[in-house]
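Okay, here's what each chain looks like letter by letter:
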Amino acid sequence: MPEETRPITKWDSFTMVVPESKDKLFHPPDDLQRDAHVPDFNSYLEIYRKSLEDPEAFWKEVADEFYWKKPATGPMLQYNFDITKGNIYIKCMEGAKTNMCYNVLDRHVKDRNLGEKVAFHWEGNSPEHHLTITYQQLLSRVCRCANVLKKMGVKKGDRVSIYLPMIPELIYTMLACARIGAVHSIVFAGFSSESLCERIMDAQSSVLVTADGVYRGEKLINLKQISDDALEKCGEKAPCSVTKCLVVNHHAVRTKGGTSCNKLQVNMWWDEAMADSPEECEPEWLDAEDPLFILYTSGSTGKPKGVLHTTAGYLLYTSLTFKYVFDHHHDDVYWCTADVGWITGHSYITYGPLANGATSVLFEGVPVYPHIGRFWEIIEKYRVTKFYTAPTAIRMLMKYGQEPLQKFDLSTLRILGTVGEPINPEAWQWYHEVVGQGRCPVVDTFWQTETVGKMINKMLLISESDNSVRILLNLHSSPCFYLCREDMPWPGIMRTVYKSQERFESTYFRKFPGFYVTGDGCRRDKDGYYWITGRIDDMLNVSGHLMSTAEVEAALAQHPAVSEAAVVSRPHKVKGECLHCFVTLKDTKEFNQKLVEELKKQVRDRIGPIATPDFIQNAPALPKTRSGKIMRRVLRQIARNETDLGDLSTLADPKVVEVLFSQRSEAA
Ligand code: WT7
């Protein structure tokens, strides 16, 4: 049976803590605390207890803020969370009918008189390009897009793949899908054609929405070309599901009437399609458990998992966590720098903020273009009050020192957030002192694509789920801990892996029956604070982007010179972790710089630039157990130059390790 380490009995103080220097505690400023939705620890405890003791009433109250065409006939939550008792399922508000898009747009415009309120300040890659979009404008553009999708034949339940940069059309399209009950599957626009193809094929989307191209800094990415390649690849494997392609003419490379998708004349240009499309579109009233979207996340087998989220539970969880964790108030200007192509963007750029009627910044560009102070300039320009970014971005900007920030007025900032990977003490401190000028609480939010919303937050407000997170010793009692969530689901948890209930159950629920397993290691200090120690499965986290060892290894193994590859992570000053790849070459092949470059390109082309390896090392042989399993633990230690390797008795040939150590410095 899983063993609990130590139950939390009390919380010692209502404070924040700097990682690794636990004696240094920071208190939120008085005025922030006074006006907060949850002003002190006792009010937190009250809400928290209610959520556990009477979840029905707790979630009912959250649901009452929203519009339900038909009320629920079942309880707020119905579930089986214990694999030994049958299949895992989670249902929220069975019988209720609603529409996500109606709740995040029409409700504000029609019932709350917020039509004139700014929903998004869009800021382009170039500072010369910007747009302000009110709730009313957003609603009419979403409706137009919804009508276009309908005209293209998209119906309730159909999948629509979206491969767009951070432009308003991305938001319009996803909300248009939600409006007509289509299931969006957004693919981050940094992914390769191969990755896009894989995701289109799995979802069997009938429509692809993309753009001609986009500039990221000074670099042009030709999205249409990548999309065409992807569709062509889909067509090579099976009849391509995509029959129509809607293309936003965002960038000047527009080649009207030129390229065609998958050799079919299926292109439609966005502007032309929208021009005569009506501004009214009756929302499709969906069941509470109808799917809202699929978002692919890396799986340990290498094949991405289509994480499926549904309507009502997602609405309740993202809206509540956004409101409490960032202490949202009506006059805030909120900016999350993530890309909508990741879950952070789905939950905390689109749905969570819009459900709260928030004003957000939507930024297309990169932090250092056209100058290294771009982030700070944007904060000043829009008078941003709540700022949410990733440790990687902080570490990158830290390198330039304080000077770029001093040119801008950051005094509007009130709360700072981080997400995606563990934050190191130096980055935390710089964020707090230099960006937040010592007065803004830093909210570190731990969560996952699967959990849909924040789970653990180190901040002045603690999310409602905190105390029910458990750390379990793994079955072999080795000193790593699994972070799990016990007993009871929360409305936003993923419902299944698209078309693979079996994979859903085995990935998250089989290891410790009764618990949801995150795949992360964790420890808890004497004050009750959780410390995420990183992934303890075969997952890698580079710059906050999750990928599996298997997918990178598969990409390397596709190169004709490679007979076998094993990939591990090692620390990196900016990226947090980077990839160190061990490759065993085929007999006749030679390891040289040219091959190294080819292999790096191979991975970049196969998966996308985020997966480009930092180190490739020649490995005449890999350390394996007698049963032939690669010992990644040993490789990780070699990559990190840790010489104390512990017990190597299970290795078939210990000499392999010496060789790899001696050649480590030649990794390039
Ligand atoms: C994995 C989930 C959360 C949305 C973006 C990533 C790591 C995430 C933290 C944090 C330490 C973190 C975990 C997690 N992670 N946030 N605050 N501290 N690690 O979503 O791609 O599903 O990745 O990111 O390893 O399991 P994702």
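Residues numbered from 1 in each chain as written. Predicted model: local features only at pLDDT ≥ 70, side-chain atom pairs only at ≥ 80, totals over all residues. Heavy atoms only, no water.

### Examining the overall build of the protein chain
Logical step 1: Within the protein chain, the secondary structure is distributed over 20 helices and 34 strands.
Logical step 2: Put simply, 72% of the contacts in the protein chain that link residues at least 6 apart link residues at least 24 apart.
Logical step 3: Approximately 26000 Å² of the protein chain is accessible, and the part contributed by carbon and sulfur atoms is 50%. (Helix = DSSP H or I, 4+ residues; strand = E, 2+ residues; numbered from the N terminus. Contact = heavy atoms within 4.5 Å. Areas by Shrake-Rupley, 256 points an atom, 1.4 Å probe, with all protein chains shown as cover.)

### Quick word on the nonpolar core
Logical step 1: Of all hydrophobic cores here, the largest spans 142 residues; its most connected members are M93, L138, L175, L316 and L556.
Logical step 2: Per-domain counts for this core show at least three residues from each of domain 1 (30-91 + 464-519) and domain 2 (533-663).
Logical step 3: Discounting residues that sit within four places of it in the chain, L175 has contacts with C101, V104, L105, L138, V142, T350, Y351 and L354.
Logical step 4: The next biggest cluster of nonpolar side chains, apart from the first, holds 29 residues, and it includes Y382, L397, V434 and C440. (Core = buried A, V, L, I, M, F, W, Y, C linked by side-chain atoms within 4.5 Å. Buried < 20%, exposed > 50% of the residue type's maximum accessible area, 1.4 Å probe, protein only. Domains from an automatic or database assignment.)

### Concerning the packing of aromatic side chains
Logical step 1: Per the counting criterion, the structure on display carries 32 aromatic pairs.
Logical step 2: Geometrically, the ring pair formed by W335 and F375 is edge-to-face, given 5.0 Å between the ring centres and 70° between the ring planes. Linking W335 in strand β18 (residues 333-336) with F375 in helix α12 (residues 374-382), this pair joins segments that are 40 residues apart in sequence.
Logical step 3: The exposure class of W335 is buried, given its relative accessible area of 0%. (Phe/Tyr/Trp six-rings, centres within 6.5 Å; stacked < 30°, edge-to-face > 60°.)

### Examining the UniProt feature "domain: Acetyl-coenzyme A synthetase N-terminal" (unreviewed entry) in the protein chain
Logical step 1: The UniProt record marks residues 44-104 with the feature "domain: Acetyl-coenzyme A synthetase N-terminal" (unreviewed entry), using the residue numbering of this structure.
Logical step 2: The span residues 44-104 shows a helical share of 39% and a strand share of 16%, and its end C-alpha atoms are spaced 26 Å apart. (UniProt positions renumbered as here; feature names shortened; annotations may be inferred.)

### Some words on unusual backbone geometry
Logical step 1: A cis amide bond, omega -5°, links Y369 with the succeeding residue P370.
Logical step 2: Along the chain, P370 turns up in the loop between β19 (359-363) and α12.
Logical step 3: At S543, a residue that is not glycine, the phi angle is positive and equals roughly 50°.
Logical step 4: Structurally, the position occupied by S543 is in the loop between β30 (539-542) and β31 (545-548).
Logical step 5: Of note, N641 is a non-glycine position whose phi angle comes to about 60°, a positive value.
Logical step 6: Tracing the backbone through its elements, the reader meets N641 in the loop between α19 (632-639) and α20 (655-662).

### Observations concerning the environment of P168
Logical step 1: Secondary-structure assignment places P168 in helix α6 (residues 168-180).
Logical step 2: Residues P168 and V187, spaced 19 residues apart in sequence, show a C-alpha to C-alpha distance of 16 Å.
Logical step 3: If we skip the residues at most four places from it in the chain, P168 touches W122, L131, I133 and L362.

### As for the domain arrangement of the protein chain
Logical step 1: Under the domain assignment used here, the protein chain contains domain 1 (30-91 + 464-519) and domain 2 (533-663).
Logical step 2: Spacing between the C-alpha centres of domain 1 and domain 2 amounts to 36 Å.

### Observations concerning the site of the ligand
Logical step 1: The environment of the ligand is formed by 18 residues, the closest being D444, T445, T449, D520 and R535.
Logical step 2: At 3.3 Å from a nitrogen atom of the ligand is found a main-chain nitrogen or oxygen belonging to E421.
Logical step 3: For the ligand, an oxygen atom lies 2.6 Å from a polar atom in the side chain of T449.
Logical step 4: With three residues, strand β22 (residues 442-446) is the single largest residue contributor to the shell around the ligand.
Logical step 5: Grouping the amino acids of the shell around the ligand by side-chain chemistry returns seven nonpolar, six polar and five charged. (Near = heavy atom within 4 Å. Polar contact = N/O pair within 3.5 Å; in protein donor to acceptor, adjacent residues only side chain to side chain. Nonpolar A, V, L, I, M, F, W, Y, C, P; charged D, E, K, R; others polar.)

### Some remarks on the sheet that holds strand β32 (residues 562-572)
Logical step 1: In space, the three strands of this open sheet follow the order β32-β33-β34, with mixed pairing throughout. Each edge of the open sheet carries a strand with a single partner, namely β32 and β34 (615-618). With strand direction ignored, the average angle separating the axes of adjacent strands in the sheet is 25°.
Logical step 2: With 10 bridges joining them, β32 and strand β33 (residues 576-585) adopt antiparallel strand pairing. Paired with V562 across the two strands is L585, which belongs to β33. (Pairing = 2+ DSSP bridges. Axes fitted to C-alpha atoms, helices over the stretch in contact; angles between N-to-C directions.)

### What to know about the pairing of strand β21 (residues 415-419)
Logical step 1: Across the five residues of β21, five count as buried, placing the element largely inside the fold.
Logical step 2: Of the two faces of β21, the one holding I415, G417 and V419 and the one holding L416 and T418 are both buried throughout.
Logical step 3: As paired elements, strand β20 (residues 386-389) and β21 share four bridges and run parallel to each other. Across the sheet, K386 pairs through a bridge with I415, a residue of β21.
Logical step 4: Relative to β22, β21 runs parallel, the two sharing four bridges. Pairing of G417 across the sheet is with V443, part of β22.
Logical step 5: Viewed along the sheet, the connection from β21 through helix α15 (residues 425-435) into β22 turns out right-handed. (Right-handed = clockwise from strand over helix to strand, strands pointing away.)

### Let's talk about the sheet that holds strand β10 (residues 207-211)
Logical step 1: Taken in spatial order, the eight strands line up as β14-β13-β10-β8-β9-β16-β17-β26 in an open sheet, and their pairing is mixed. Two strands lie at the open edges of the sheet, namely β14 (267-269) and β26 (496-497), each paired on one side alone.
Logical step 2: Two strands pair when backbone bridges link them, and strand β8 (residues 159-163) and β10 are joined in this way by four bridges, in the parallel orientation. Of the residues in β10, the one forming a bridge with V160 is V207.
Logical step 3: Here α6 sits on the sheet in contact with β8, β9 (183-186), β10, β13 (244-248) and β16 (291-297), set at roughly 170° to β8.

### Here's the deal with the packing of helix α3 (residues 55-63) against helix α10 (residues 311-325)
Logical step 1: Packing of α3 against α10 leaves a shortest axis separation of 10 Å and a crossing angle of 85°. With respect to α10, the element α3 is oriented roughly perpendicular. Contact residues: F58, W59, V62 and A63 in α3; L316, Y317, S319 and L320 in α10.
Logical step 2: Counted by class, the contact of α3 with α10 contains seven nonpolar, one polar and no charged residues. (Parallel < 35°, antiparallel > 145°, perpendicular 65-115°, else oblique.)

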